[in-house]
Amino acid sequence: RGVGDGLVPASGRDEAAGGSRPGRPRLGVTSTVPIWPPRSGGQMRGCHHYGALADRFDIELICLASPSVPPSTREIRPGMIERVVPRTEAHDREELEITREVGLPVTDIVAGRPTRLTPDYVTALRDALLGAAGVLLADPYLYPVLSAPDSDVPVVYDAYNFVIMHKEQVLPDT
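Bear in mind that the values here come from a model prediction, so they are computed numbers and not experimental data.

1. A word on unusual backbone geometry
Okay, step 1: Pro-37 follows Trp-36 through a cis peptide bond whose omega is -5°.
Okay, step 2: Residue position: Pro-37 is located in the loop between β1 (26–31) and α1 (41–53).

Now the structure itself:
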């Protein structure tokens, strides 16, 4: 059994999912960065991993981006859409302030806190989860944002590495 098996009704069809392809369940995916174009290991993994899931689900990635990146929606492949939502200046300032306090970039780790300052992200996520079969967290940091859309869809943490071990090695004691 695969991870997605628990999200698909026994009939394999979910008319309420509202995906772009009739009868296909839809999954929302949260991300702290856009995955297209794939330039880093995480972006490449996301494209391949979520692309493979697009064989069975409609995938809607909701990705945070730098304030300088324009908002966009693109089809990466059939059944896989990426919505890029730029952080607001206030969101960016709060992340920068935290980064200065810690002494190294921690924008991914703290993403769940200042995202409240980017209401377009919360709205895009809420819209993506309407009728969705589930939501995948590309990393654990956006989990706090899931309570904002007031959704009861199943949450799957897509743990592709030992995040806590990686971060413990680089973060100062705070």
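Still to come is the rest of the account.
2. Some remarks on the pattern of salt bridges
Okay, step 1: Within this structure, the stated rule accounts for eight salt bridges.
Okay, step 2: Put simply, Asp-58 and Arg-24 hold a salt bridge, and the shortest N to O gap is 3.7 Å. Of this pair, Asp-58 sits in strand β2 (residues 58–65) while Arg-24 sits in the segment before β1, and the two are 34 residues apart along the sequence.
Okay, step 3: Among the residues examined, Arg-24 registers a relative accessible area of 17% and is labelled buried.
Okay, step 4: A salt bridge links Arg-74 to Glu-82; the nearest nitrogen and oxygen atoms lie 2.5 Å apart.
Okay, step 5: Via salt bridges that share partners, Arg-87, Asp-92 and Glu-95 belong to a single interconnected network.

3. Things to note about the sheet that holds strand β5 (residues 134–137)
Okay, step 1: If you trace the six strands from one edge of the open sheet to the other, you get β3-β4-β2-β1-β5-β6, paired in mixed fashion. Lying at the two open borders of the sheet, with one neighbouring strand each, are β3 (72–77) and β6 (155–157). Across the sheet, the mean angle from the axis of one strand to that of its neighbour is 25°, orientation sign disregarded.
Okay, step 2: By the bridge criterion, three bridges tie β5 to β6 in an arrangement that is parallel. Bridge pairing links Leu-137 to Tyr-157 in β6.
Okay, step 3: Each of β1, β2, β3, β4 (80–86) and β5 touches α1; the most contacted strand, β4, lies at about 135° to it.

Conventions used here
- Residues numbered from 1 in each chain as written.
- Predicted model: local features only at pLDDT ≥ 70, side-chain atom pairs only at ≥ 80, totals over all residues.
- Heavy atoms only, no water.
- Helix = DSSP H or I, 4+ residues; strand = E, 2+ residues; numbered from the N terminus.
- Salt bridge = Lys/Arg side-chain N within 4 Å of Asp/Glu carboxyl O.
- Buried < 20%, exposed > 50% of the residue type's maximum accessible area, 1.4 Å probe, protein only.
- Pairing = 2+ DSSP bridges.
- Axes fitted to C-alpha atoms, helices over the stretch in contact; angles between N-to-C directions.
- Contact = heavy atoms within 4.5 Å.

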